[in-house]
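# Chain and residue survey
These are the residues of each chain, in order.
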Amino acid sequence: MVQVRLPEADPDILGARAHIVADLRAILGPDQVIDDPDRLRAYECDGLTAYRCPPMVAVLPETTEQVAELLRYARQRGIKVVPRGAGTSLSGGALPLADGILLVMTRFNRILEIDYENRAVRVQPGVTNLAITRAVEEHGFYYAPDPSSQIACTIGGNVAENSGGVHCLKYGLTAHNVLGVELVLPDGEILRLGGKHPECDGYDLLGVVIGSEGMLGVVTEVTVRILPKPETARAVLMGFASVEQAGDCVAAIIAHGILPAGLEMMDRLAIHAAEDFCAPGYPREAEALLICELDGPAAEVEHLIGVIGSIARQHGAFLVQASTSEEERLRFWAGRKNAFPAVGRISPDYYCMDGTIPRKRLAEVLARMREMSERYGLRVANVFHAGDGNLHPLILYDANAPGELERAEQFGAEILKLCVAVGGVLTGEHGVGIEKRDLMPVMFSEAELDQQQRVKCVFDPDQILNPGKVFPTLHRCAELGRVHVHGGRLRFPHLPRF
């Protein structure tokens, strides 16, 4: 197993574990505290299973007040806290600490309010992504962000990582679909940022919190935007003899001024895995497959299908097939949505990457990745959001084969460095966590990283929330300078408190 560098465990905290567990039971109740080593194993990692660390103790609060009291207690005792949702994070963002409290938010699982007039839904962070759509679809609405793990991932985790999905090209990431949050700061103070209204005055603190990876506060409520279901939605399958042709076609579609609801790409290995897993009807002879979804008025969708078909053929597509029913549309998407478990059937392990590049560099980057695959001796299946250049290479390896995990990590790091080199970024929606932490200097200067840490210091001056993530070097707040926290508390006078 790879040894990941985490903050050193505090021997005094570990020595006081029994007293800490007793205190937590007094705050919460016996059924909300887990300290049995066997039961804690269930929480030792998130979706990035290469890194594991059982927590000192796990707690399952049920109210905002309990979260506030827990954080006050942890801050007073100097105990680290790692928030966790459903554990589907692929960047190690919810990796526990040996001397820390794992704050599990899955019991916050209620939909609190559905407001169709304002097209908003208030939910607790433990509600799954797909549950929001299911709650409002009867009235013709849906929640746009739809990560592949939407059946399991929770909205709190989506907020922490700014998750996307196959429809993020047109409808945006989580940041574009969240209107407000209730946030508990490390000192137990409860804030509300935003609300049902689309805009708020003052600094965009909501934008700071979304994507902050559990490092600034604990989200206990989320208000999301819901959208009316489009009149028509149809998907188009396009098969190509090379990934370069498919990549060029993506760039051409966007350059033509068309904004699809979704534009996804899969390579040959992913196509075969998906076809064997759920038989969505993909062409096995294709080296690359594009799935393009168009939605809106029926006449407009019909017209755009013709335009996109023409563009695809100009770029070498040998197959252009548009869905003719809702059942067929869902079948086209089934292979893409199930690509990760499908690939899991053909390899003992895989490492799911996440980097973003300019669309015009797709063909070049995919060709370079093929060269890397041969050099590292590891297969890679490509499944990604082609429309916005968000790559998700799946590097296949066997953790039981000596050296393969290390090679997979080196392969992944080279992919991410390539993303930055061609004008892209280290992540699109998975976050930095542990996985990309030590690559942050590839993209940011030391001054830029220090400035980002100053933001954390304002929210969390004692640095108890999720330490060891995102920043390759964690400075004490006093070392960074120019950070002013009045009495150790964050002050935003215009924000409502509870």
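Throughout what follows, the structure given in this document is the object of discussion. (Residues numbered from 1 in each chain as written. Predicted model: local features only at pLDDT ≥ 70, side-chain atom pairs only at ≥ 80, totals over all residues. Heavy atoms only, no water.)

## A word on the overall build of the chain
Of regular secondary structure, the chain possesses 18 helices and 20 strands. Relative to the globule expectation of 23 Å for 498 residues, the C-alpha radius of gyration of the chain, 23 Å, shows essentially globular dimensions. With the C-alpha coordinates aligned to their principal axes, the bounding extent of the chain is approximately 65 × 60 × 45 Å. The buried share of the chain, taken over its 498 residues, is 57%. (Helix = DSSP H or I, 4+ residues; strand = E, 2+ residues; numbered from the N terminus. Rg over C-alpha atoms; globule rule 2.2 N^0.38 Å. Buried < 20%, exposed > 50% of the residue type's maximum accessible area, 1.4 Å probe, protein only.)

## Side note on the sheet that holds strand β8 (residues 178-184)
In any sheet, the strands associate via hydrogen bonds between backbone groups, in a parallel or an antiparallel arrangement. Within the open sheet, the five strands sit side by side as β5-β6-β10-β8-β9. Their pairing is antiparallel. For this open sheet the edge positions go to β5 (111-115) and β9 (190-194), each flanked by a neighbour on one side alone. Strand-to-strand, the axes of this sheet are offset by a mean angle of 10 degrees, without reference to chain direction. Here β8 pairs with β9 via five bridges, running antiparallel. Residue pairing for β9: valine 181 is matched across the bridge by leucine 193. Taken strand by strand, helix α4 (residues 64-77) contacts β8, β9 and β10 (218-225), and its axis lies near 50 degrees from that of β8. (Pairing = 2+ DSSP bridges. Axes fitted to C-alpha atoms, helices over the stretch in contact; angles between N-to-C directions. Contact = heavy atoms within 4.5 Å.)

## Re the pattern of salt bridges
Under the criterion given, the structure shown has 31 salt bridges. Across the pair lysine 436 and aspartate 354 runs a salt bridge, and its minimum N-O distance is 3.8 Å. Taken as a pair, lysine 436 in the loop between α15 (404-421) and α16 (440-443) and aspartate 354 in the loop between β16 (349-352) and β17 (355-356) lie far apart in primary sequence, 82 residues in all. In this structure aspartate 354 comes out as buried when scored by relative accessible area, which is 0%. A salt bridge links arginine 437 to aspartate 438, with the nearest nitrogen and oxygen atoms 3.0 Å apart. For arginine 437, a relative accessible area of 2% translates into the label buried. A relative accessible area of 44% places aspartate 438 in the partly exposed class. One network of salt bridges, with partners in common, ties together Glu113, Asp115, Arg122, Glu182, Arg192, Lys196 and Glu221. (Salt bridge = Lys/Arg side-chain N within 4 Å of Asp/Glu carboxyl O.)

## What about the sheet that holds strand β15 (residues 319-322)?
Strand order in this open sheet of seven strands is β15-β12-β14-β13-β18-β20-β16, and the pairing throughout is antiparallel. Lying at the two open borders of the sheet, with one neighbouring strand each, are β15 and β16. Taken over all neighbouring pairs, the strand axes of this sheet differ in orientation by 20 degrees on average, direction set aside. Helix α9 (residues 243-255) contacts β12 (232-240), β13 (262-267) and β14 (288-296) of the sheet and is inclined by roughly 170 degrees relative to β13. The sheet contacts of helix α11 (residues 298-314) involve β12, β14 and β15, and relative to β12 the element is tilted by about 10 degrees.

## Observations regarding the state of the cysteines
Scanning all chains against the criterion turns up one disulfide. The disulfide bridge from cysteine 457 ends at cysteine 477, spanning 2.3 Å between sulfur atoms. Here the S-S torsion is close to -95 degrees, and the disulfide linking cysteine 457 with cysteine 477 is therefore left-handed. Here cysteine 477 lies in helix α18 (residues 477-480) and cysteine 457 lies in helix α17 (residues 446-459), a separation of 20 residues in the sequence. Across this residue pair, the class does not change: cysteine 457 and cysteine 477 are buried. Free of any disulfide, cysteine 45 has its nearest cysteine sulfur in cysteine 53, 11 Å distant. Given a relative accessible area of 12%, cysteine 45 falls into the buried group. (Disulfide = S-S within 2.5 Å.)

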